[in-house]
Amino acid sequence: MKKGLIYGIVVICLVLSGAFASRSYNRRMDDDDAMKNQEIVVEESSMEYPKMPLNTYPFDIEEDRKVFDVSKPDLYLKDSLYAATINDWYMNFADYKDKVIWMDGLYFKLGKSTFVGRIGPSCPFCNGGYVSFEFHTDLPLDGFVSEKTWVRVKGVLKEGKLYPGDKKAPYPLYYLEGIDVEKIDAPDVEEVFD
């Protein structure tokens, strides 16, 4: 029940997070290893929206590793202004799109989605008491334990699509493309307040 409630809150937050964007969509297939990172392009004008909820994550991580130098972040989200910065990503995404971000926090998994975040104040982008942001990577996360492993995600802010189901049009889905994900030591103070 708790996971269902958290998932519902995440979906509602994503639905409320923005307006419509570009007209073509790419899709990363998570369940089928043979299809991972294979691009599928659908023109909105010819599309019948799906009946069931569907998230799409357009990225070519191999290509982005060549294009983006993640050793020099445009923004490092660590301890201060954690919630405020994530809120600004949602409110002003155009200012952050394709920026290199480092983000420290607890790794946690909710269904098939992976997040990095900190224990913090209640907010629209919180998942079960965590101020968090979704990330996607092609790196193995085998040794990572949800809600126990501290990570630093080095990546690029991207925009996908959330199809809410019932044949409704999509909403923006913002996420961090994890070009590099590493384990780190827990900080002295695990909670964030701003």
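Before any of the text, the structure's been laid out above.
Since we're looking at a predicted model, the values are computed, not measured. (Residues numbered from 1 in each chain as written. Predicted model: local features only at pLDDT ≥ 70, side-chain atom pairs only at ≥ 80, totals over all residues. Heavy atoms only, no water.)

**Student:** Before we go on, may I ask you to explain the nonpolar core in this structure?
**Tutor:** In a soluble, globular protein the nonpolar side chains are often hidden away together inside. Counting 24 residues, the largest nonpolar core has Ile86, Trp89, Met103, Phe133, Phe135, Leu157 and Leu176 as its most contacted members. When contributions to this core are tallied by element, the ones reaching two or more residues are helix H3 (82-91), strand S5 (100-110), strand S8 (130-136), strand S9 (150-163) and strand S10 (171-183). Top contributing element to this core by residue count: H3, with five residues. Contact partners of Met103, with chain neighbours within four places excluded, come to Leu77, Tyr82, Ile86, Trp89, Val116, Phe133, Val151, Arg152, Val153 and Leu176. Listed in part, the eleven residues of the second largest apolar core include Tyr57, Phe59, Val70 and Leu162. (Core = buried A, V, L, I, M, F, W, Y, C linked by side-chain atoms within 4.5 Å. Buried < 20%, exposed > 50% of the residue type's maximum accessible area, 1.4 Å probe, protein only. Helix = DSSP H or I, 4+ residues; strand = E, 2+ residues; numbered from the N terminus. Contact = heavy atoms within 4.5 Å.)

**Student:** Honestly, H3 in this entry has me stumped. Any pointers?
**Tutor:** Residues spaced three or four apart along an α-helix point in a common direction, a consequence of the helix completing one turn every 3.6 residues. Among the residues of H3, those classed as buried are Tyr82, Ala83, Thr85, Ile86, Trp89 and Tyr90. Down the axis, H3 shows its buried residues gathered within 165° of arc, on one side only. (Arc of directions from axis to C-beta.)

**Student:** Looking at this structure, how should I read the pairing of S8?
**Tutor:** Moving residue by residue along a regular strand, the side chains alternate between the two faces of the sheet. The buried fraction of S8 amounts to seven of the seven residues, a majority that puts the element mostly inside the structure. Across the two faces of S8 the burial is the same, with Tyr130, Ser132, Glu134 and His136 and Val131, Phe133 and Phe135 all buried. One ladder, built from two bridges, connects S8 with S10; its direction is parallel. Bridge pairing links Phe135 to Leu176 in S10. (Pairing = 2+ DSSP bridges.)

**Student:** Where do I start with the pattern of salt bridges in this structure?
**Tutor:** Opposite charge on two side chains lets them pair, provided their charged atoms get close. Under the counting rule described, the total for this entry stands at nine salt bridges. Glu62 is the partner of Arg65 in a salt bridge, and the nearest nitrogen-oxygen pair spans 3.2 Å. Of this pair, Arg65 and Glu62 both sit in helix H2 (residues 61-67), separated by three residues, roughly a single helical turn. Residues Glu159 and Lys161 are paired through a salt bridge, measuring 3.3 Å at the closest nitrogen-oxygen approach. With relative accessibility at 19%, the residue Glu159 sits in the buried group. Here Lys161 falls in the buried class, since its relative accessible area comes to 4%. Salt bridges here are not isolated pairs; linked through shared partners, they connect Asp104, Arg152, Lys154 and Glu182. (Salt bridge = Lys/Arg side-chain N within 4 Å of Asp/Glu carboxyl O.)

**Student:** Explanation requested: unusual backbone geometry in the structure shown.
**Tutor:** Backbone geometry follows two general trends: most residues other than glycine have a negative phi, and most peptide bonds adopt the trans configuration. Residues other than glycine seldom take positive phi values, yet Asp98 does so here, at roughly 65°. As for its position among the elements, Asp98 is in the loop between H3 and S5. By relative accessible area, Asp98 is classed as partly exposed at 31%. Phi angles above zero are rare outside glycine, and Glu147 is one such case at about 65°. Among the structural elements, Glu147 can be located in the loop between S8 and S9. Of the residues examined, Glu147 reaches a relative accessible area of 45% and is grouped as partly exposed.

Such coordinate-based values are descriptive only and should not be taken to indicate function.
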